[in-house]
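Fold and geometry: a report
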Amino acid sequence: MSKADKKAAKRQAQEAEVSAAAKAGAASKQMKRAIVYLAKESPGIFPLALLQAVMEAAYPYIGILLSAGILTELADPGRSMSHLFRMALLLVGLNFLGRRMMDFGGQLLDVLQYTVLKHIERAVAEKAWKMDYAMSADPKINETKQRITRWHYSRGVLALVGQVRGVFQALVTIGISIALVAEFFRAKAVGEDRTAALLNHWAVSVLFLVLLSFSIIYSIYTSFRIQKYYFKTNETSEKPINRMMYLMDSCFSKYRNGKDIRMFHAKEQISGKLRALGGEYLREIEPAFRYERRKTFYSILISRCFDLLVYLFVGAKAIFGAFGVGSILKYTGMVTQLGDGVTRLCDTVRDFLQNLEYVEVYFRYLDMPNATAEGTLPVTQEIRDNYEFEFRNVTFAYPGAPGPSLSGISCRFRKGEKIAIVGRNGSGKTTFIKLLCRLCDPQEGEILLNGVDIRKYQYQEYLSFFSTVFQDYQIFDFKLGENVAAESEYDGERVKEALENAGFGERLRTLADGLDTQLFKRFSEDGVELSGGESQKVAIARCLYKDAPYLVLDEPTAALDPLAEADIYQRMNQFARDKGAIYISHRLSSCHFCNRIMVFEEGRIAEQGSHEELLEAGGLYRRLWDAQAQYYA
Ligand code: ADP
């Protein structure tokens, strides 16, 4: 190796050391944070886990020690029946009491863990609501979210409780076993012959300990290797499982999906996809299964051979009078317990180290900063009273998308102006309003409100500037009034007025519980199912109730009958008299009343103008108009 190569290798090693140290530092910080987090969420969780660990470690020894005592007493010609009876009673009593206490402690711990689990799930859900809209659509971020929520108790922050418990239990087991091992070595075979001398020889004891260590170390080594193998495949094997869960959740748990599933016999198709994902999972995980089978075969073989040796050694010492027959049970039991204790300790430490990544993923997800600048400028009443929006050469691409959904968009619109956006599917209309409402930020260009970049305004105040009905609006499983007001405390009269203006007045009068009517059946058997058109009217009412300065309506009447549509547009116009509004609509006849129509095509504004001007121009709008007009003709 040349001098330069040596230097480079040394630098690389130093860098690796620094990065490993930094990683370890960061991990220990996250671990401390996780422990504080758990202790804060549930102060009793660690004390109870430790108590449970002590009970579980001590429990097997009750059986071992008392059974050994009973056997010794039985083998003694001068045995006392009353002593035997007392010991048997103690054995049964302690066994019963110990089991009951452990069951009770276990149940209590389950409750505490469940409470923390719900808190974790809520924190993850809240983060998802609060993060930038564009981030929430990012497939990588969604995958991370699924990784956190899928593991429940076995990975992540909550797994620490089991790990602390496991370590403590293992330490107590090892402590008790070592005391018994020492006692075993102190017990000397009696007699003058060579076998007794051999059994008492220090070299035999050392050999025994070496073999014990070898058996334990080999089983730990095997388990480490197996887990490492699994861990390596985790990220790829988790993907199909997460997708299966998503598919099952989205297809089977939503009652409304039942129609399409039945009509298109989609059950077979979905089952096929689930089978394919299951197959993909098995293909990913199969090598790890095979590896585990191979490795555990040798480990179990060695362990059983060693058990045989233990029985021979302990039995021989008993034959040579080192201890009574009852102690055979005690000392063979102790070796098994010692092995179990050490293996558990190593397994738990290994789990703990592997779990660091999941703890880190959890906090990294919660800490993920929003890319959307919060802004500081207030949206003053002056702006609300008189405003103008301007898109200046705006380009936007969704995360992970191959190309931009909008390119070089420039336009202006102001208070009082009614704008219609038309265009073919996928031409960028919805994306345009997402940018206007700051659900996404453009990568290039600027969107200005009264000449100031909208990113400079306080985000929440800016959002309150808009009343919206999105194409994929959500009506929640709440009461009708709560849905319209988007809060639990509301002005009933205003809610009724909004419902009336949205064309829902007649239906409202048929509902016995009025605004207190529970929507949908998930929370109440008496819940009312709404038709598509009725749901849309409720969404429009919500938009009207908010009464923001600017209205954004993405195909708000797509599910309405023509009479209801005409009626709503009339009321909406009345309502939005001096507001600004953007309507996206495929029914060009309803764009008539707008001051300006913008025609989108492949992410660009292809043409804009009044209805008459666009018809005159004979472009895309004309073609769309003629295509629709022929049906009316
Ligand atoms: P329109 O409202 O005109 O039907 P959209 O604005 O919804 O069109 O979509 C414009 C383009 O952006 C389409 O090609 C669509 O596939 C793409 N798109 C929309 N939403 C996303 C998303 N969340 N991620 C990636 N691409 C998207």
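1. Points about the overall build of the protein
When helices and strands are counted, the protein shows 21 helices and 10 strands. Relative to the 2.2 N^0.38 estimate, which gives 26 Å for 633 residues, the radius of gyration of the protein is 36 Å and therefore markedly larger than a compact globule would have. Along the three orthogonal principal directions, the C-alpha set of the protein runs to about 120 × 80 × 50 Å. Per-residue burial for the protein yields a buried fraction of 42% across its 633 residues. Within the protein, contacts between residues separated by at least 24 positions form 75% of all contacts whose residues are at least 6 apart in sequence.

2. Let's talk about helix H5 (residues 139-150)
The terminal C-alpha atoms of H5 lie 16 Å apart, and with 12 residues this matches the ideal 16 Å at 1.5 Å per residue to within 8%. Looking at H5, one finds that the buried residues are Ile 141, Glu 143, Arg 147, Ile 148 and Arg 150.

3. Looking at the site of the ligand
The environment of the ligand is made up of Tyr 398, Ser 405, Arg 424, Asn 425, Gly 426, Ser 427, Gly 428, Lys 429, Thr 430 and Thr 431. Here an oxygen atom of the ligand sits 2.7 Å away from a polar atom, N or O, in the side chain of Thr 430. Take Thr 431: an N or O atom from its side chain is 2.5 Å from an oxygen atom of the ligand. For the ligand, whose free accessible area comes to 560 Å², the fraction covered by protein is 61%. Grouping the constituent residues of the shell around the ligand by class yields 1 nonpolar, 7 polar and 2 charged.

4. A look at the sheet that holds strand S5 (residues 452-453)
One key point about sheets: their strands pair by backbone hydrogen bonds, in either a parallel or an antiparallel sense. In spatial order, the strands read S2-S1-S4-S5; together these 4 strands make up an open sheet with antiparallel pairing. A strand with exactly one partner marks an edge of an open sheet, and here the two such strands are strand S2 (406-414) and S5. In terms of strand pairing, strand S1 (residues 388-396) meets strand S4 (residues 444-449) through 5 bridges, oriented antiparallel. Each residue of the ladder has a partner; that of Phe 389, found in S4, is Leu 449.

5. Let's talk about the packing of aromatic side chains
With the rule as written, the count across this model stands at 34 aromatic pairs. Ring geometry for Tyr 462 against Phe 466: centres 5.3 Å apart, planes inclined by 65 degrees, an arrangement best described as edge-to-face. Accessibility classification places Tyr 462 together with Phe 466 in one group, the buried group. Among the aromatic residues, ring-to-ring pairing joins Tyr 387, Phe 389, Phe 391, Phe 413, Phe 432, Tyr 457, Tyr 462, Phe 465, Phe 466, Tyr 550 and Phe 600 into one connected group. Just above the ring of Tyr 59 sits the side chain of Arg 99; from NZ or CZ to the centre is 5.3 Å. When the ring centre of Phe 184 is taken as origin, the NZ or CZ atom of Lys 317, which lies over that ring, is 4.5 Å away.

6. Some details on the sheet that holds strand S10 (residues 604-609)
What the 6 strands build is an open sheet, ordered S6-S7-S8-S3-S9-S10; its pairing is mixed. Pairing within the sheet leaves two strands with one partner each, and these edge strands are strand S6 (466-469) and S10. Geometrically, the sheet is characterised by an average inter-axis angle of 15 degrees between neighbouring strands, direction not taken into account. Two elements, strand S9 (residues 596-601) and S10, share 5 bridges in a ladder whose sense is antiparallel. From the neighbouring strand, Met 598 faces S10, where its bridge partner is Gln 608. Set on the sheet, helix H18 (residues 532-546) makes contact with S6 and strand S7 (550-554); between it and S6 the angle comes to about 175 degrees. Helix H19 (residues 562-575) rests against strand S3 (418-423), S7 and strand S8 (580-584) of the sheet, and its axis sits at about 155 degrees to S8.

7. Quick notes on the state of the cysteines
For the structure shown, the criterion picks out 0 disulfides. Here Cys 440 is not disulfide-linked; the sulfur of Cys 437 is the nearest cysteine sulfur, at 10 Å. Relative accessible area serves as the criterion here: at 2%, Cys 440 is assigned to the buried category.

8. Structural notes on the pairing of S8
In terms of burial, S8 is a largely internal element, 5 of the 5 residues being buried. Where burial is concerned, the two faces of S8 agree: the one with Gly 580, Ile 582 and Ile 584 and the one with Ala 581 and Tyr 583 are both buried. With 5 bridges joining them, S7 and S8 adopt parallel strand pairing. Residue Tyr 550 lies in a different strand from S8, and its bridge partner there is Gly 580. Note that the unit made of S7, H19 and S8 has a crossover that is right-handed.

9. Quick look at the packing of helix H6 (residues 159-186) against helix H11 (residues 326-367)
At a minimum axis separation of 7 Å, H6 and H11 run at an interaxial angle of 150 degrees. In terms of orientation, H6 lies roughly antiparallel with respect to H11. Classified by chirality, the crossing of H11 by H6 is left-handed. Across the contact of H6 with H11, the residue classes break down as 16 nonpolar, 9 polar and 4 charged.

10. Thoughts on the confidence of the model for the protein
Per-residue confidence for the protein averages 86 on the pLDDT scale, and 96% of its residues sit at or above 70. When pLDDT is averaged over each helix and strand of the protein, the minimum, 75, is found for helix H9 (residues 258-263) and the maximum, 96, for S1.

11. Description of the pattern of salt bridges
With the rule as written, the count across this model stands at 24 salt bridges. For Arg 392, the salt bridge is made with Glu 446, and the minimal N-O distance between the two is 3.8 Å. Of this pair, Arg 392 sits in strand S1 while Glu 446 sits in strand S4, and the two are 54 residues apart along the sequence. Classification of Glu 446 by relative accessible area gives partly exposed; the value is 29%. As a salt-bridge pair, Asp 453 and Arg 455 come within 3.3 Å of each other at their nearest N and O atoms. Salt bridges here are not isolated pairs; linked through shared partners, they connect Glu 388, Glu 390, Arg 392, Arg 412 and Glu 446.

12. Digging into the nonpolar core
Core analysis: the biggest nonpolar cluster contains 47 residues, and Leu 480, Val 484, Leu 499, Phe 504, Ile 540, Ile 597 and Tyr 621 have the highest contact counts within it. Top contributing element to this core by residue count: H18, with 7 residues. Membership of the second largest hydrophobic core comes to 34 residues, among which are Phe 389, Val 394, Cys 437 and Ile 447.

Conventions and cut-offs
Residues numbered from 1 in each chain as written. Predicted model: local features only at pLDDT ≥ 70, side-chain atom pairs only at ≥ 80, totals over all residues. Heavy atoms only, no water. Helix = DSSP H or I, 4+ residues; strand = E, 2+ residues; numbered from the N terminus. Rg over C-alpha atoms; globule rule 2.2 N^0.38 Å. Buried < 20%, exposed > 50% of the residue type's maximum accessible area, 1.4 Å probe, protein only. Contact = heavy atoms within 4.5 Å. Expected span 1.5 Å × (residues − 1). Near = heavy atom within 4 Å. Polar contact = N/O pair within 3.5 Å; in protein donor to acceptor, adjacent residues only side chain to side chain. Areas by Shrake-Rupley, 256 points an atom, 1.4 Å probe, with all protein chains shown as cover. Nonpolar A, V, L, I, M, F, W, Y, C, P; charged D, E, K, R; others polar. Pairing = 2+ DSSP bridges. Phe/Tyr/Trp six-rings, centres within 6.5 Å; stacked < 30°, edge-to-face > 60°. Lys NZ or Arg CZ within 6 Å of the ring centre and 35° of its normal. Axes fitted to C-alpha atoms, helices over the stretch in contact; angles between N-to-C directions. Disulfide = S-S within 2.5 Å. Right-handed = clockwise from strand over helix to strand, strands pointing away. Parallel < 35°, antiparallel > 145°, perpendicular 65-115°, else oblique. Left-handed = near helix turned anticlockwise from the far one by under 90°. pLDDT = per-residue confidence, 0-100. Salt bridge = Lys/Arg side-chain N within 4 Å of Asp/Glu carboxyl O. Core = buried A, V, L, I, M, F, W, Y, C linked by side-chain atoms within 4.5 Å.

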